[in-house]
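The chain contents come next:
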Amino acid sequence: MSGGSLRSARTQLWLRRIVQLLALALFLWLFRRTAAPAGEDYAAQAGVAWWFRVDPLAQASAALAGRSWTWLAWPALIFLGLALLAGRAFCGWLCPLGTLLDLWGRCTGWFRRLVWRGRTAPAWARLPRFAVLLAVLLAAAGGLQLVGLVDPFSLLTRGLAAADPAIRLGADAGSTALLGSPVEPASEWLYATTLPVLSPRAGMPALWWASLALLGLAAVLELVGRRGWCRWACPLGALYGLLGRWAPLLRLPGQTCAHCGDCRTSCDLGAFADDGRLRRADCTVCLRCVASCDRGIARVVLRLPRPSTAPPDPGRRAVLIGGAALAAAPLIAAATPLGRRDPPDDLLRPPGVAADEAGFLDRCVRCGACLAACPEGALHSDGFSAGLAGLLAPALVPRRGACAPDCTRCGEVCPTGAIPRLSVDAKAAQPIGLAVVDEQRCIPFVSEESCLVCEEHCPIADKAIRLRPGPHGEDVPHVRRGACIGCGWCEMVCPVEGVAAIRVLR
Amino acid sequence: MSIDHNMSLDHDPRRREFLRQVAAFTAGALLVPPMLDIGASAAEPPPAPVDRRPLLAVASGKDWAVLPGRALAVLGGMGNFVKPGQKVVVKPNIGWDRTPEQGANTHPLVVAAVVQLCLDAGAGSVQVFDRTCNNRERCYANSGIQAAVEAIGSDKVRIFHPDDRRVVPVRIAKGKVVTEWGFYREALECDAFINLPVAKHHGLSRLTLGFKNLMGIIGGKRGDLHKDIGQKLADLYWARPVTLTIIDATRILLRHGPQGGDVADVEVRDTVIACADPVAADVHAAGLFGLKPADIPWLGPAAAAGHGIIDPDGVRVVQG
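Every chain's residues receive numbers from 1 upward, in the order its sequence appears when written. Whichever chain is written first is A, and whichever ligand is written first is 1; the rest continue in order. The predicted nature of this model means local features are confined to residues of pLDDT at least 70 and side-chain atom pairs, given and counted, to a pLDDT of 80 or more, with totals for whole chains, interfaces and linings taken over all residues.

Details of the overall build of chain B
Counting its secondary structure elements, chain B contains ten helices and twelve strands. Looking at chain B as a whole, 56% of its 320 residues are labelled buried. In this description, a residue-residue contact is defined by the distance between C-beta atoms placed from the backbone, which must lie within 7 Å. When contacts within chain B are restricted to residue pairs at least 6 apart in sequence, long-range pairs at least 24 apart make up 73% of them. The secondary structure listing takes helices from DSSP runs of H or I that are at least 4 residues long and strands from runs of E that are at least 2 residues long, numbered from the N terminus. Three exposure classes are used, all based on how many other C-beta atoms lie within 10 Å of a residue's own C-beta (placed from the backbone): buried at 20 or more, exposed at 12 or fewer, and partly exposed between those limits.

This is the structure we're talking about:
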């Protein structure tokens with residue numbers, strides 16, 4: 001009996017690994033397509049959004065803060081249902097960040113074992129993630145959208161959106177340093193194949209380091225414990241764990257048996273408490289315990305569970321009180337000027353949201369999909385321009401990239417509808433801002449030199465920028481209110497050094 | 001056989017002889033290229049009434065796909081410019097995210113025809129590219145040029161997006177204002193460079209024609225060139241002399257250039273101009289807009305630099 005079931009458990013374990021790798025590959029493939037050059041039908045390319053559409057935490061935050069429901073969230077309902085059936089199985093089987101951490105953990109296991117020598121973090125360390133979950137949802141209800149700081153897919157998508165140009169630019173810089181020129185001589189080959197060439201103005205996205213640092217946090221936690229991020233920090237895992245307390249997909253028995261204790265040591269998330277009972281909120285159905293059990297005692301079955309088997313943790317009350325305080329902190333912050341402040345005139349948002357800045361910030365889960373999708377490199381993470389409420393929300397930075405008038409990718413990729421899906425015509429009808437000429441700096445205004453690069457590049461067929469005779473004999477630009485859609489093309493191409501002499505303001 | 005209005009009938013016999021040579025050459029009967037007088041400096045001594053002025057070909061007609069071939073036939077065929085096995089760059093204007101009807105880019109039929117002429121002349125490779133102003137994928141797609149070039153289906157033809165990592169700094173010793181600028185390696189490392197602009201209005205430089213089209217083979221911050229653009233374009237030319245200029249005037253954008261967008265600004269002219277002299281080609285194309293050489297900022301500096309002939313009568317215009 002033991003031989004057969006052992007083999008089948010091993011097979012299941014491998015099956016899980018294959019599913020994990022496929023899900024990770026799917027995520028990366030969808031991301032690559034989302035960031036890929038424009039195709040005929042971008043909606044079919046915008047797949048990375050699906051990870052946020054199935055994410056009940058992101059969708060709940062957006063719905064709470066926006067006080068509205070979007071049909072985009074229906075896949076999240078299905079995953080909520082799956083969590084009711086299978087608890088945190090998502091974490092063990094599908095989560096791309098979890099899989100990446102498993103791979104990272106395999107590479108760094110020696111370090112973890114060397115430093116910690118079998119010591120484990122105290123049980124109460126598993127509780128703050130519930131406080132984080134509570135804090136995110138409470139803050140959202142209070143009008144402060146923070147989920148993007150902690151949602152695992154946000155960490156991953158934003159991190160990749162930052163890592164992508166970092167890798168390319170780093171490779172160029174490295175080869176320039178070593179070989180004297182970028183990517184030569186390898187470029188011949190790369191160039192002939194499908195090397196994605198950099199857009200002329202592409203550079204590192206704003207706050208790229210913050211995105212990488214947040215992803216790096218998960219990587220660092222892996223050095224402390226296997227799936228450390230998932231054990232101690234992930235609010236989505238916490239949500240799935242809470243939902244899964246009564247899930248009928250069970251590992252049995254509900255505690256370690258009197259024998260070897262291999263299940264405890266093999267467990268991915270260290271889900272067994274000190275007294276041997278299984279914390280169901282930590283079981284990802286990873287099947288390691290089943291595969292490690294020589295006696296065939298450990299098994300995963302479908303049956304109605306007994307009441308919770310979660311043991312009372314020491315210090316739980318203190319942690320809950322602390323957690324509640326932590327959860328309240330964003331609410332308090334939201335009430336201060338730090339929370340939400342009037343953004344400066346030059347803080348532009350993606351197309352279609354200018355009319356309702358507050359609603360946009362409520363619905364935006366900072367997933368970073370639009371940053372990856374924007375083919376012009378125009379969208380960048382903002383810092384505190386709009387206060388805490390605007391942290392890491394996308395801003396349109398024309399000096400780095402302008403909004404192509406007939407591109408609607410950001411709206412198509414947005415998983416919460418924070419950026420609306422607009423037709424090209426509807427987008428033109430909702431200006432992002434208005435271009436304003438700085439007559440103190442504009443070249444033909446202040447000198448006898450001609451310029452008019454802004455007029456040349458103005459994409460409006462009838463020209464939102466027109467020429468009129470200037471003070472020095474050269475024609476000067478003037479912006480026609482009503483025709484300008486605030487795309488920022490003029491600001492991007494303005495040859496004046498530093499701050500452009502024509503700027504789009506809200 | 002039509003004759004341009006500014007050309008005397010006296011020249012006709014020689015032209016017949018020339019066309020006969022052309023026909024013989026294109027039939028492959030003649031191994032030596034015909035005399036073309038390209039770059040000839042002055043006329044013959046008085047006694048001989050032979051017109052030795054360089055040729056400028058103008059082809060007109062409704063079938064735009066054949067116009068480049070007819071214009072080139074006047075110039076002795078593409079074989080005069082592209083030798084077997086040579087690396088050729090064809091540089092159309094693909095700068096804007098506009099459709100062919102909007103007249104902001106070279107027409108795809110004209111581009112494909114020129115590429116095919118190069119292949120027929122035995123080109124070893126033909127590379128087609130432009131540094132676009134708008135999103136490069138959409139420019140290539142919506143201009144129709146990518147599809148037209150790929151439809152040729154030859155593995156010698158490559159249409160691609162230039163990569164800023166392949167910009168080579170070029171010292172321009174003869175430049176008066178621009179003394180160094182980055183050029184795409186592909187543009188520098190070809191045997192024949194065919195400039196294939198579309199004729200259209202431009203807010204700053206009145207028109208954009210051949211010289212302005214060369215801004216698509218350079219890297220760097222192109223907006224900086226707009227101050228004193230005429231001299232700067234004349235300077236840049238030193239780094240990449242043009243083998244042949246073919247100007248697409250099948251339809252010309254009269255207003256709101258260089259990117260237009262409104263077909264009401266576009267006028268159909270059914271014309272393609274070809275000339276080995278880049279200045280003469282631009283001068284003639286400017287004439288389509290009713291403009292004189294002095295109206296176009298780069299023509300004076302370019303002629304002064306010796307890049308070509310600015311006098312409209314300095315070339316012999318032949319209808320193809």
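Here the narrative resumes, following the displayed structure.
A closer look at the overall build of chain A
If you tally the helices and strands in chain A, you get 22 helices and eight strands. With 506 residues in all, chain A has 48% of them scored as buried. A fraction of 76% describes how many contacts in chain A between residues 6 or more apart in sequence connect residues 24 or more apart.

Description of the interface of chain A and chain B
Each partner contributes to the interface: chain A provides 32 residues, whereas chain B provides 25 residues. With four residues, the top contributor of residues to the side of chain A that touches chain B is helix α21 (residues 453-457) of chain A. Residues of the side of chain A that touches chain B, tallied by class, amount to 21 nonpolar, three polar and eight charged. The classification used treats Ala, Val, Leu, Ile, Met, Phe, Trp, Tyr, Cys and Pro as nonpolar, Asp, Glu, Lys and Arg as charged, and all other residues, Gly among them, as polar.

Some words on the confidence of the model for chain B
Residue and element names in this part refer to chain B. On a range of 0 to 100, pLDDT expresses the predictor's confidence in each residue. Taken as a whole, chain B shows an average pLDDT of 87; of its residues, 85% reach a score of 70 or greater. Counting interchain partners and residues more than four positions distant, the pLDDT-below-50 stretch residues 1-11 has twelve contacts. Between residues 28-41, whose pLDDT stays under 50, and residues either more than four places distant or in other chains, the model counts 23 contacts. Scoring of the predicted complex yields 0.81 for pTM and 0.70 for ipTM.

Quick word on the nonpolar core
Counting residues in each nonpolar core, the largest one holds 244 residues, and the members touching the most others are B:Ala57, B:Ala71, B:Val90, B:Val111, B:Val114, B:Cys118 and B:Ile273. Once you skip the residues sitting within four places of it in the chain, B:Ala71 turns out to touch B:Ala57, B:Val58, B:Ala59, B:Ile246, B:Val272, B:Ile273, B:Ala274 and B:Gly320. In plain words, the nonpolar core is the set of buried Ala, Val, Leu, Ile, Met, Phe, Trp, Tyr and Cys residues that C-beta atoms within 7 Å link up.

A few points about the environment of A:Ile321
Mapped onto the elements, A:Ile321 comes out in helix α15 (residues 316-335). For the pair formed by A:Ile321 and A:Cys367, sequence separation is 46 residues and the distance between their alpha carbons is 30 Å.

Digging into the environment of B:Pro100
Residue and element names in this part refer to chain B. Here Pro-100 shows up in the loop between β2 (87-92) and α3 (108-120). In the structure, Pro-100 is positioned 44 residues away from Gly-144 in sequence and 6.8 Å away in space, judged by C-alpha atoms. Excluding residues that lie within four positions of it along the chain, Pro-100 makes contacts with His-107, Pro-108, Ser-143 and Gly-144.

Considerations on the packing of helix α3 (residues 56-66) of chain A against helix α7 (residues 128-141) of chain A
All names here are of chain A. Whenever a helix is involved, its axis is fitted only over the stretch in contact; in every case the axis is a line through C-alpha atoms, and angles between N-to-C directions fall within 0 to 180 degrees. Where α3 contacts α7, the axes come no closer than 7 Å and their chain directions differ by 30°. Put simply, α3 runs roughly parallel to α7. For the pair formed by α3 and α7, the contact residues are Ala-60, Ser-61, Leu-64 and Ala-65 on the first element and Val-136, Leu-137, Ala-140 and Ala-141 on the second. The residue makeup of the contact of α3 with α7, split by class, is seven nonpolar, one polar and no charged. What sets the label is the angle itself: under 35 degrees gives roughly parallel, over 145 gives roughly antiparallel, 65 to 115 gives roughly perpendicular, and the rest give oblique.

Focus: the packing of α7(A) against helix α12 (residues 235-243) of chain A
Residues and elements named next belong to chain A. Contact geometry for α7 and α12: axes closest at 8 Å, N-to-C directions at 100°. What the angle tells us is that α7 and α12 run roughly perpendicular. Contact residues: α7 offers Arg-129, Phe-130, Val-132, Leu-133 and Val-136, while α12 offers Pro-235, Gly-237, Ala-238 and Leu-239. Considering only residue class, the contact of α7 with α12 consists of seven nonpolar, one polar and one charged.

Here's the deal with helix α4 (residues 74-86) of chain A
Residues and elements named next belong to chain A. Expected span of a helix, by definition, is 1.5 Å for each gap between consecutive residues, and there is one gap fewer than residues. The terminal C-alpha atoms of α4 lie 19 Å apart, and with 13 residues this matches the ideal 18 Å at 1.5 Å per residue to within 8%. Residues of α4 that are buried include every one of Ala-76, Phe-79, Leu-82, Ala-83 and Ala-86, and no others. One face of α4 carries all of its buried residues, which in axial projection span an arc of 110°. Structural note: α4 exposes Trp-74, Leu-77, Ile-78 and Gly-81 on the side pointing more than 90 degrees away from its buried face. Of the surrounding elements, those touching the buried residues of α4 are α2 (50-53), α3, α5 (89-93), α12 and β1 (249-252). The arc in question is the one traced by the directions running from the helix axis out to the C-beta atoms.

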